[in-house]
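# An overview of the molecular structure
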Amino acid sequence: MKRFIFLLFIIVVGFTGGDVQKELIVLKWNDSQIVENGITVCKELNFENAAFPDFEAKLPVFYKTYNLENGNQDFNFAIENETFEEVKLSSRFLKLNKIGSEILIVTEKTQSNGIFKLHLQISTVKKEGNKILRLKSFELKQITIRNSASQKSGQAVSNTHVWKTSSVLKSGKWIKIEVNGKGIIKIPYSKLTSLGFADPSKVSVYGSGGTILSEDPGVIDYDDLEQCAVWHDKNNGTDCLFLYSPGTTRWDFDNSNSIFKHTLNDYANKGFFFLTDNAGNPKVAQLLPVIQEPVTHTVSAGDAYQLYENETENVLTLGKGLGSGKQWFGDKFKHSSVNNIDFDLTDIVASEQVKIRVNAIARSFAASQMKVLVNQVEKDSLNFNRVNTDSQESDYADQKEEVFETTLSGTTNKITLKYFAKNNNGNVDDNALAWLDFIEINYRRKLKFGSEPLFFSDKSSVSDGNIITFSIENAITGSRVFDVTQVNNVMEVPVEISRNVAVIKRPATKLLSMLLLIRTELTANLNILEKSQIRTYMH
């Protein structure tokens, strides 16, 4: 049996600095058949001292263990100057679907009896079109990660990111598509064919569709387009490719206030995806395994939220030409203005509390107030402080935010905002102004399949060890459910349907974002692929 301490032909070629070490790794493929734990390993996929952590896949990996001085010590790894050779696999090798299109690097830290170790694992086989390539040699770069816990007093903290050496866009034909909002993109095979793809089933999709990136240069999630998981089905009898678009608005759960809060993408109101048939293999949304553990929670309603926000005015441009930076505001109010905003809260659970979050600013030499009414009943108000309207140096406006709870019933609900400047020693500021930033509504919605995709989560059932069953009404044969928690790794969830009720079971150790679809014969809520939205790039 092979051990988890593996030595290969390694040449230390030197250092590029005190924190970076390079090694030349040469894999000695021996094309000899071996048996591991009673399982025969494909002879073309065996090199000297290879490790086989996944005996079902029977794919070899390069494995190395590093001793660490303490739990704070850490390394990043990268491979450079790789060389490959094509290999023809035996017809008995049945796990081609386990071979990915990229070489993967995985690290894991362990501790035993106070001894810390870092385990490095690098895959050695990849697909490239119809070819299977095995890794012959590469330079392994080991980079020390420095963090505050491991620094001596006065030393600077440096964050290291291992940059990719090239982009997936470096070669081939690429089609760029533009999308608006959150939802499901469907692309008929006929459209893909008209765009020049000979086999629509082999089209790969890359990009994150408007996902907000961190503005902190020290927080780098990825430095190239990531591949999207897609699925194929029929729409009114027509073969289509489907994928999930997250839109440019992110919703995060604020645990302290038990409310979902939104963040807009400050730099884009559209998202983009890139289609090709020249890079790797299509990534299809995998069907998750059926959960066998007993259920701890059953729910028939999920978290839902809606947003009203218009980005129309950068307020300091009014006469000053300075602008208010990234924060833009929408509906404008004068003294005594009233604005009514309708919300369609389909299938709302009337017995549950609704949380409404309102944010606005006001500019007046006197105190002012914006009353908030729900279905003509006053619920709360934003009370603004006066500002010095004659000063060029004081605050231009006062900003206020309130979150209040209420109960709602019925589908259509109206929120009314009334803005008034208060009497200041007999004077009322008739020139008082206010701008609405946004209104958010958090509510509980019954889980029902419908003509449009339904997105939901359930914050109340999240806890270690919980197994949750979602019970969804109006299901019909062919209804599908997807876990869209990870934008680029959408996964299909097993569904059981009985008497028009769909049941799905998932672990609830973290907050999940789910998508419900009634079959795929729906009209997608994204109208895409107009001529102006398509760009072709050739490299």
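Look up a bit, the structure's there.
The sections below set out a description of the structure shown in this document. Worth saying up front: this structure is predicted, and the values here are computed from it rather than measured.

### Some words on the overall build of the protein chain
Across its full length, the protein chain carries one helix and 38 strands. Out of the 539 residues in the protein chain, the part that is buried amounts to 42%. Of the contacts made within the protein chain by residues no fewer than 6 positions apart, 74% connect residues no fewer than 24 positions apart.

### Notes on the sheet that holds strand β5 (residues 61-68)
Paired through their backbone hydrogen bonds, the strands of a sheet run either parallel or antiparallel. As summarised here, the arrangement of the three strands in space is β5-β8-β7, forming an open sheet in which the pairing is antiparallel. Across the chains shown, the open sheet's two edge strands, defined by having one partner strand only, are β5 and β7 (105-112). Going from strand to strand, the sheet's axes swing by 20° on average, the running direction of each strand aside. Examined bridge by bridge, β7 and strand β8 (residues 115-123) share eight bridges and lie antiparallel to one another. In the strand pairing of β8, Ser 112 is matched with Ile 115.

### Overview of unusual backbone geometry
For Ser 258, which is not a glycine, the phi torsion comes out positive at approximately 50°. Positionally, Ser 258 belongs in the loop between β16 (249-254) and β17 (259-264). Not every positive phi belongs to a glycine, and Asn 474 is a case in point at roughly 60°.

### Here's the deal with the pairing of β8
Here eight bridges tie β5 to β8, and the two strands are oriented antiparallel to one another. Looking at β8, one finds that Thr 65 is bridged to His 119.

### A few points about the side chain of Ser 381
Mapped onto the elements of the fold, Ser 381 is located in strand β25 (residues 377-384). For Ser 381, a relative accessible area of 13% puts it in the buried group. A distance of 3.5 Å separates polar atoms of two side chains, one belonging to Ser 381 and the other to Gln 369. Polar side-chain contacts of Ser 381 include one of 3.5 Å to the side chain of Asn 383. Among all residues touching Ser 381, those that are not within four sequence positions of it are Gln 369, Met 370, Lys 371, Val 372 and Glu 402.

### Digging into the side chain of Asn 442
Positionally, Asn 442 belongs in strand β30 (residues 433-446). Since its relative accessible area comes to 9%, Asn 442 is described here as buried. Looking at Asn 442, its side chain comes within polar contact range of the main-chain nitrogen of Phe 260, at 2.8 Å. Those residues in contact with Asn 442 that sit more than four places away from it in its chain are Ile 259, Phe 260, Ala 304, Tyr 305, Gln 353, Val 354 and Lys 355.

### Side note on the sheet that holds β25
The strand order β22-β27-β24-β25 describes an open sheet built from four strands, whose pairing is antiparallel. This sheet does not close on itself; its edge strands, each paired only once, are β22 (338-344) and β25. Strand after strand, the sheet turns through a mean of 20° between neighbouring axes, direction not considered. Across seven bridges, strand β24 (residues 368-374) lies against β25 in antiparallel orientation.

### Some points on the packing of aromatic side chains
Under the defined criterion, the tally for this structure stands at 14 aromatic pairs. Measuring from centroid to centroid gives 5.8 Å for Phe 62 and Phe 138, while their planes differ by 80°, and the two rings are edge-to-face. With Phe 62 in strand β5 and Phe 138 in strand β10 (residues 131-145), the pair connects residues that are 76 residues apart, well separated along the chain. A residue is classified by how much of its surface remains accessible, and Phe 62, at 1% relative accessible area, is buried. An aromatic cluster is defined as three or more aromatic residues linked by ring pairs; in this entry it consists of Trp 251, Phe 253, Phe 260 and Tyr 305. The lysine or arginine in question, Lys 126, covers the ring of Phe 84, its NZ or CZ lying 4.4 Å from the ring centre. Lying across the ring of Phe 197, Lys 173 places its NZ or CZ 5.7 Å from the centre.

### So, the pattern of salt bridges
Enumeration over the complete set of coordinates arrives at 24 salt bridges. For Glu 23, the salt bridge is made with Lys 64, and the minimal N-O distance between the two is 2.9 Å. With Glu 23 in strand β2 (residues 20-26) and Lys 64 in strand β5, this residue pair connects regions lying 41 residues apart in the sequence. Judged by its relative accessible area of 6%, Glu 23 falls in the buried class. Among the salt bridges present, the one from Asp 347 reaches Lys 448, with a minimum N-O distance of 3.8 Å. Of this pair, Asp 347 sits in the loop between β22 and β23 (354-363) while Lys 448 sits in the loop between β30 and β31 (454-456); the two residues are 101 residues apart in sequence, bridging distant segments of the chain. For Lys 448, a relative accessible area of 24% gives the class partly exposed. Linked through salt bridges whose partners overlap, the residues forming this network are Lys 22, Glu 80, Glu 139 and Lys 141.

Definitions and cut-offs
- Residues numbered from 1 in each chain as written.
- Predicted model: local features only at pLDDT ≥ 70, side-chain atom pairs only at ≥ 80, totals over all residues.
- Heavy atoms only, no water.
- Helix = DSSP H or I, 4+ residues; strand = E, 2+ residues; numbered from the N terminus.
- Buried < 20%, exposed > 50% of the residue type's maximum accessible area, 1.4 Å probe, protein only.
- Contact = heavy atoms within 4.5 Å.
- Pairing = 2+ DSSP bridges.
- Axes fitted to C-alpha atoms, helices over the stretch in contact; angles between N-to-C directions.
- Polar contact = N/O pair within 3.5 Å; in protein donor to acceptor, adjacent residues only side chain to side chain.
- Phe/Tyr/Trp six-rings, centres within 6.5 Å; stacked < 30°, edge-to-face > 60°.
- Lys NZ or Arg CZ within 6 Å of the ring centre and 35° of its normal.
- Salt bridge = Lys/Arg side-chain N within 4 Å of Asp/Glu carboxyl O.

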